[in-house]
Amino acid sequence: TVIDAVRYEAGAPWPVTTNGVSLQLIDSSQENARPSNWAADPGAPSTPGAPNSVAALITPYDPIWLNELQFESLVGPLDNASEPSPWIELYNSGATPFSLAGYYLADNFTSNLTAWQFPSGATIQPGEHKVIWADGQAGQTAGTNIHTGFPIDYQGRLALVRVVSGQPEIVDYLTWRLPNPNVGYGSYPDGQPVFRHTQHTPTPLAANTRRPLA
């Protein structure tokens, strides 16, 4: 039984640190798997057995996740222009509808994090797996069919961003390298950033599954 887990990577969007300087959790009342809930303090390199020097209250995280993506599929799905476009899936693990106003997607972790904002009125229902077409054809957005202003590729990175006190903050991210068409990358189980895998059977609009081991 997993009690707690963190998927740490030595690079953005995790805080930059140096040898001898630890990463410290900022707000223990919030999810500790989010990289923006960690910080390094060169003035207090580590605090074993004592309160974290960076401890503070942060803006609570919304239950929104980057859950799955696929660059190329030879068997579907098709977007509202009847094209087999790349797609990203968001997941609302909360119990209430959520507005995506004030949220952004970015194809990097360090600059221009607010380049593409979700359209006005975009929402995601409780438990919904919402597909966003990641083809760089924003002009094809119509109603609930949302297209990003940038495309994804077989290899890349993606950040889900909010703005706190005027500063963009990455709340979830994916880094992937897909081996071939018809596979995806995402979370299993849904709604967490720790256990993520190649999805041999992509599941747009539905809960993720993993191919059983032989």
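Data block above holds the structure.
Cut-offs applied
Residues numbered from 1 in each chain as written. Predicted model: local features only at pLDDT ≥ 70, side-chain atom pairs only at ≥ 80, totals over all residues. Heavy atoms only, no water. Helix = DSSP H or I, 4+ residues; strand = E, 2+ residues; numbered from the N terminus. Rg over C-alpha atoms; globule rule 2.2 N^0.38 Å. Core = buried A, V, L, I, M, F, W, Y, C linked by side-chain atoms within 4.5 Å. Buried < 20%, exposed > 50% of the residue type's maximum accessible area, 1.4 Å probe, protein only. Contact = heavy atoms within 4.5 Å. Phe/Tyr/Trp six-rings, centres within 6.5 Å; stacked < 30°, edge-to-face > 60°. Lys NZ or Arg CZ within 6 Å of the ring centre and 35° of its normal. Pairing = 2+ DSSP bridges. Axes fitted to C-alpha atoms, helices over the stretch in contact; angles between N-to-C directions.

K.L.:
Quick rundown of the overall build of the protein? Include the residues and the values.
P.N.:
Helix and strand counts for the protein stand at 0 helices and 13 strands. When the helices and strands of the protein are placed in sequence order, the string is β-β-β-β-β-β-β-β-β-β-β-β-β. In terms of overall size, the protein behaves like a compact globule, its C-alpha atoms giving a radius of gyration of 18 Å where 214 residues would be expected to give roughly 17 Å. Principal axes of the C-alpha set define a box for the protein whose edges measure 55 × 45 × 30 Å.

K.L.:
Outline the nonpolar core, supporting the account with residue identities and numerical values.
P.N.:
Within the largest apolar cluster, 28 residues are counted, with the highest numbers of intra-cluster contacts made by Ile88, Leu105 and Phe118. Elements with a contribution of two residues or more to this core: strand E3 (64-70), strand E4 (87-92), strand E6 (103-106), strand E10 (155-164) and strand E11 (167-177). Excluding residues within four positions of it along the chain, Phe118 makes contact with Leu90, Leu100, Tyr103, Tyr104, Leu105, Ile132 and Leu160.

K.L.:
Kindly report on the packing of aromatic side chains, identifying the contributing residues and their values.
P.N.:
According to the stated counting rule, one finds 6 aromatic pairs in the structure shown. Taken together through their ring pairs, the aromatic side chains of Tyr8, Trp14 and Trp38 make up a single cluster. In this structure, Arg34 is placed above the aromatic ring of Trp65, and the distance from its NZ or CZ to the ring centre is 3.8 Å.

K.L.:
Kindly report on the sheet that holds strand E7 (residues 116-117), identifying the contributing residues and their values.
P.N.:
Strand order in the open sheet formed by 4 strands is E7-E6-E10-E11, with antiparallel pairing between adjacent strands. Of all the strands in the sheet, just E7 and E11 have a single pairing partner and so form its edges. Pairing geometry for E6 and E7, over 2 bridges, is antiparallel. Counted as the bridge partner of Tyr104 is Gln117 from E7.

K.L.:
Any chance you could break down the sheet that holds strand E12 (residues 184-187) for me, citing the residues and the numbers?
P.N.:
Taking strand neighbours across the sheet as the criterion, the 5 strands line up as E9-E4-E3-E12-E13 in an open arrangement whose pairing is antiparallel. With partners counted over all chains shown, the strands left at the sheet margins are strand E9 (129-133) and strand E13 (196-199), one partner each. Across the sheet, the mean angle separating the axes of adjacent strands is 25 degrees when strand polarity is ignored. Bridging between E3 and E12 involves 2 bridges; their strand directions are antiparallel. The residue bridging Glu68 from the neighbouring strand is Gly186, located in E12.

K.L.:
Before we move on, could you go through unusual backbone geometry and cite the residues and values that matter?
P.N.:
Gly76 connects to Pro77 through a cis peptide bond whose omega is 5 degrees. Counting through the fold element by element, Pro77 comes out in the loop between E3 and E4. Backbone torsion omega between Tyr188 and Pro189 reads 0 degrees, so that peptide bond is classified as cis. Even without being a glycine, Ser82 presents a positive backbone phi close to 60 degrees. Mapped onto the secondary structure, Ser82 falls in the loop between E3 and E4. On the basis of relative accessibility, which here comes to 55%, the residue Ser82 falls in the exposed class.

K.L.:
So what's going on with the environment of Thr201? Which residues, and what values?
P.N.:
Take Thr201: it is sitting in the segment after E13. Using a relative accessible area of 45% as the deciding quantity, one classes Thr201 as partly exposed.

Remember that the coordinates give geometry; whether it matters functionally is a separate question.
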